[in-house]
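A structural walkthrough
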Amino acid sequence: MDIIENVAYDFEPIVGLDSEGKIKDYDGFIDPEGNFYKVSKIYKHKPTHEDWAFYYLTEKSHKYIDDFVNASLKESFKLNKYKDSQALLLHFYNWVYVGHAQNPNRGAIIVFPKDNEENITREQKARLEDYFGFDKYSSYMEKTNGHSYVDGETYDRFSTYAQFNEGLFGNQLSNKMKLLIEKISGLEKDKTKEKGRRR
C-alpha cells in the first residue's frame, strides 16, 4: 500500500479468480492477463480511477511508459489522443475499467478497450464473469450488444469510445495527463538524443 497525498493506493495485482472474495467490494482495473487492481471501495471513489491510473503509470510501471514513448516516437502517433491517464490504460494498453456510479441505485460500469468486448482477452472475460457472476455479466452484454456497460442514467454520458477518448467528463486534457505528457515528452527527447549518439 502506498500513501500519496494522504490517500492510500494499492498497486498490487490480485492474481487468479476471486474465490476468497478479495475484490467484490472494490472498483478497479483489469489488465490483459486478467489481474485485478483495486482502485477504491465501491461508491467511495477515493482515489479515483484517473488518479490511480496516473500514479500507476508514473510511479509503478516504467515498462508501460517505455512502450508509450516508443509508440509516440512514430510520426503517425498522436500524443494527445488520450485525454486522461485512464483512457491511456484502457485504449492504449487494453485494460478494462470496472466501477460503480456514486448513486448505489445506478449499478455497475464496465468500459472496454475501444468500447467493445471483442477487444478483451479470455482472461479479462473470465475475471469479469467471476466479478459480476456469469449470468449478470451476460445480461449486461445482451443489453449493450457487447459494448461498454453503464447502468442507469449515466450510460449516455460515457459509454462510447469516442466520448471516453475525449476524456471521461469533457474534451480537455486532464491536468494529470498534461503532467504525464510532459514526462513522456522529456523521455522522447532523451531517446531521440540517444539515437543520434548511436549513429
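Structure report, in brief. (Residues numbered from 1 in each chain as written. Predicted model: local features only at pLDDT ≥ 70, side-chain atom pairs only at ≥ 80, totals over all residues. Heavy atoms only, no water.)

What to know about the overall build of the protein
Using the following cut-off: Numbering of helices and strands runs from the N terminus, with a helix taken as a DSSP run of H or I at least four residues long and a strand as a DSSP run of E at least two residues long. Burial here depends on accessible area, computed with a 1.4 Å probe over protein chains only, as a share of the maximum for the residue type. Under 20% is buried, over 50% is exposed, and the range in between is partly exposed. Note on contacts: a residue pair is in contact if any heavy atoms of the two residues lie within 4.5 Å.
Across its full length, the protein carries 8 helices and 8 strands. Relative to its 199 residues, the protein shows a buried fraction of 48%. Relative to all contacts within the protein whose residues are 6 or more apart in sequence, the contacts with residues 24 or more apart total 62%.

Quick word on the environment of D25
Tracing the sequence through the fold places D25 in the loop between β3 (13–14) and β4 (26–30). Its relative accessible area of 43% is what places D25 among the partly exposed residues. Sequence separation of D25 and Y43 is 18 residues, and the distance between their C-alpha atoms is 9.3 Å. Setting aside residues no more than four positions away along its own chain, D25 makes contact with S40, K41 and I42.

Some words on the packing of aromatic side chains
Keep this limit in mind: The criterion for an aromatic pair is that two Phe, Tyr or Trp rings (for Trp, the six-membered ring) have centres within 6.5 Å, with stacked assigned to planes under 30 degrees apart, edge-to-face to planes over 60 apart and tilted to the rest.
In total, this model carries 18 aromatic pairs according to the counting rule given. Centroid distance F29 to Y97: 6.1 Å. Interplanar angle 85 degrees. Geometry classified as edge-to-face. Of this pair, F29 sits in strand β4 while Y97 sits in strand β6 (residues 96–100), placing them 68 residues apart in sequence. Judged by relative accessible area, which is 0%, F29 ranks as buried. Under the relative-accessibility criterion, Y97 is labelled buried at 6%. The structure contains a cluster of three or more aromatic residues connected by ring pairs, namely Y9, F11, F29, Y37, W52, F54, Y55, Y56, W95 and Y97.

Quick notes on the sheet that holds β3
Inclusion rule: Should DSSP find at least two bridges between two strands, the strands are regarded as paired.
Read across the sheet, 6 strands follow the order β3-β5-β4-β6-β7-β8 without closing on themselves; strand pairing throughout is antiparallel. In the strand order of this sheet, the two ends are held by β3 and β8 (149–150), each with one partner. When β4 meets β6, the two strands line up antiparallel, connected through 3 bridges. Of the residues in β6, the one forming a bridge with I30 is V96.

So, helix α5 (residues 134–144)
For clarity, the cut-off: Directions pointing from the helix axis toward each C-beta atom define the arc.
Regarding α5, the residues found buried are Y137, Y140, M141 and T144. Summarising the axial view, the buried residues of α5 lie within an arc of 95 degrees, below the 170-degree limit, and thus occupy one face. Pointing more than 90 degrees away from the buried face of α5 are the exposed residues D135, E142 and K143. Following α5 by one or two positions, N145 adopts a phi angle in the positive range, close to 55 degrees.

A closer look at the nonpolar core
The test is simple: For the purposes of this section, nonpolar cores are sets of buried Ala, Val, Leu, Ile, Met, Phe, Trp, Tyr and Cys residues that join through side-chain atoms within 4.5 Å.
With 23 residues, the main nonpolar core has Y9, F11, F29, W52, Y56, L89 and W95 as its most contacted residues. For this core, the secondary-structure elements that each account for two or more residues are β2 (7–9), β5 (36–41), α1 (49–60), α3 (85–91) and β7 (108–111). Broken down by element, the residue count for this core peaks at 6 residues, all from α1.

Some points on the pairing of β5
Along β5, 5 of the 6 residues are buried, which leaves the element largely enclosed by surrounding structure. Relative to β5, β3 runs antiparallel, the two being bridged by 2 bridges. When the bridges of β5 are listed, P13 appears paired with Y37. Relative to β5, β4 runs antiparallel, the two being bridged by 5 bridges. When the sheet's bridge partners are listed, G28 is paired in β5 with K38. Turn length for the β4-β5 hairpin, with the two strands adjacent in sequence and antiparallel, is 5 residues, and the turn residue G34 shows positive phi of about 90 degrees.

Some words on the side chain of H49
Let me state the cut-off plainly: Two N or O atoms form a polar contact when they lie within 3.5 Å of each other; inside protein one atom must be a possible hydrogen donor and the other a possible acceptor, and for residues adjacent in sequence the pair counts only when both atoms belong to side chains.
Position of H49 among the secondary structure elements: in helix α1. According to the relative accessible area criterion, H49 is buried, its value standing at 5%. Among the polar contacts made by the side chain of H49, one reaches the main-chain carbonyl oxygen of G28 at a distance of 3.3 Å.

By themselves these figures say nothing about function.
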